[in-house]
Amino acid sequence: MSEQASPSSGTPLGDREREGTIDLLGAIAYGAISGFSRMAADSEMARDLELKRALAGMAVKEFHNHELLADHIVDLGGEPNAAMVPFKSAFEVFHERTRPRDLLEGLVKAYIGDGIATDFYIEISRYVEPESRAIIARASSDHRDVDTIVKAVRAGIAEDSRRAGPLALWGRRLVGEALTQGQVVAGEREALSELVLGLSHDRPGATLEEVGQLMQRLTDRHQLRMGRLGLAA
């Protein structure tokens, strides 16, 4: 098996580990470019200037995250488009099943849906080498304008309290769909599964107990986000 060093850390990567790492980066990179398109569209719908600027800023950040991830894929010897293609279908299925009916649902999706996806990939990144883990962490940090999104959702609920119940159901649906598609993404790519389970490299993988703890952490963070929006988890 040939080895390639991670660009700045010098950590040797075997072929299978590098393949799994590129798979993970490709999935997150596709999610970022998809997020860019959706948030830019949401920005067009927003009439409030503060909200419009916040959504546009988040869209720009998603595009920069995409470029950061794509550049690292190249550093690892991969090709960004080829790395993203295997995940296109899973993301499109998720977005088709969770198409917002209005701006308020779109804002909840941007906060809840993207949040749970980000949490999932940060958790998975624990099983990659430090350089790639740091890149994923940089690409997954919250945008400064996320508080504007939270304020807009809470204002929408305050304006019409009848929206609270349906939006809470919408938030639960989003997390269920996101976790389902995340598991599909992780399970469909053999090298990525091996990376998480520690089967193809010297770094330890996830035990069944750790997988259970991972899911609990995702659930806990989801509940915190729902609480910030003023919605019942």
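Above: the structure in question.
Notes on the structure in this doc start here. Owing to the predicted nature of the structure, the values given are computational and were not obtained by experimental measurement.

Topic: helix α6 (residues 130–139)
Moving on, step 1. Among the residues of α6, those classed as buried are E131, S132, I135, I136 and A139. Each buried residue of α6 lies within a common arc of 135° when the element is viewed along its axis, so the set occupies one face.
Moving on, step 2. Elements in contact with the buried residues of α6: α1 (15–45), α2 (49–75) and α5 (103–124).
Moving on, step 3. A side-chain oxygen of the first residue of α6 lies 2.9 Å from the backbone nitrogen of E131; this N-cap is E129.

Digging into the environment of L192
Moving on, step 1. Mapped onto the elements of the fold, L192 is located in helix α9 (residues 190–197).
Moving on, step 2. Between the alpha carbons of L192 and I124 there is a distance of 9.5 Å; along the sequence they are 68 residues apart.
Moving on, step 3. Here L192 is in contact with G20, D23, L24, V185 and A186, once residues within four sequence places are set aside.

Section: the packing of aromatic side chains
Moving on, step 1. With the rule as written, the count across this model stands at three aromatic pairs.
Moving on, step 2. Residues Y30 and F91 carry aromatic rings whose centres are separated by 5.5 Å and whose planes lie at 45° to one another, so their mutual orientation is tilted. Of this pair, Y30 sits in helix α1 while F91 sits in helix α4 (residues 88–97), and the two are 61 residues apart along the sequence.
Moving on, step 3. Overall, the relative accessible area of 11% leaves F91 in the buried class.
Moving on, step 4. An angle of 75° between the planes, with centres 5.5 Å apart, marks the rings of F120 and Y121 as edge-to-face. With respect to burial, F120 and Y121 carry one shared label: buried.

Notes on the packing of α1 against α2
In a packed pair of helices, the relevant descriptors are the angle between the two axes and the axis-to-axis distance.
Moving on, step 1. Where α1 meets α2, the axes come as close as 8 Å, and the angle between the chain directions of the two elements is 160°. One element, α1, and the other, α2, form an angle in the roughly antiparallel class. In this structure, α1 meets α2 at a crossing whose hand is left-handed.
Moving on, step 2. Per-class residue counts for the contact of α1 with α2 are 16 nonpolar, six polar and four charged.

Parameters and conventions
- Residues numbered from 1 in each chain as written.
- Predicted model: local features only at pLDDT ≥ 70, side-chain atom pairs only at ≥ 80, totals over all residues.
- Heavy atoms only, no water.
- Buried < 20%, exposed > 50% of the residue type's maximum accessible area, 1.4 Å probe, protein only.
- Helix = DSSP H or I, 4+ residues; strand = E, 2+ residues; numbered from the N terminus.
- Arc of directions from axis to C-beta.
- Contact = heavy atoms within 4.5 Å.
- Polar contact = N/O pair within 3.5 Å; in protein donor to acceptor, adjacent residues only side chain to side chain.
- Phe/Tyr/Trp six-rings, centres within 6.5 Å; stacked < 30°, edge-to-face > 60°.
- Axes fitted to C-alpha atoms, helices over the stretch in contact; angles between N-to-C directions.
- Parallel < 35°, antiparallel > 145°, perpendicular 65-115°, else oblique.
- Left-handed = near helix turned anticlockwise from the far one by under 90°.
- Nonpolar A, V, L, I, M, F, W, Y, C, P; charged D, E, K, R; others polar.

Functional significance is not addressed by these values, which are geometric in nature.
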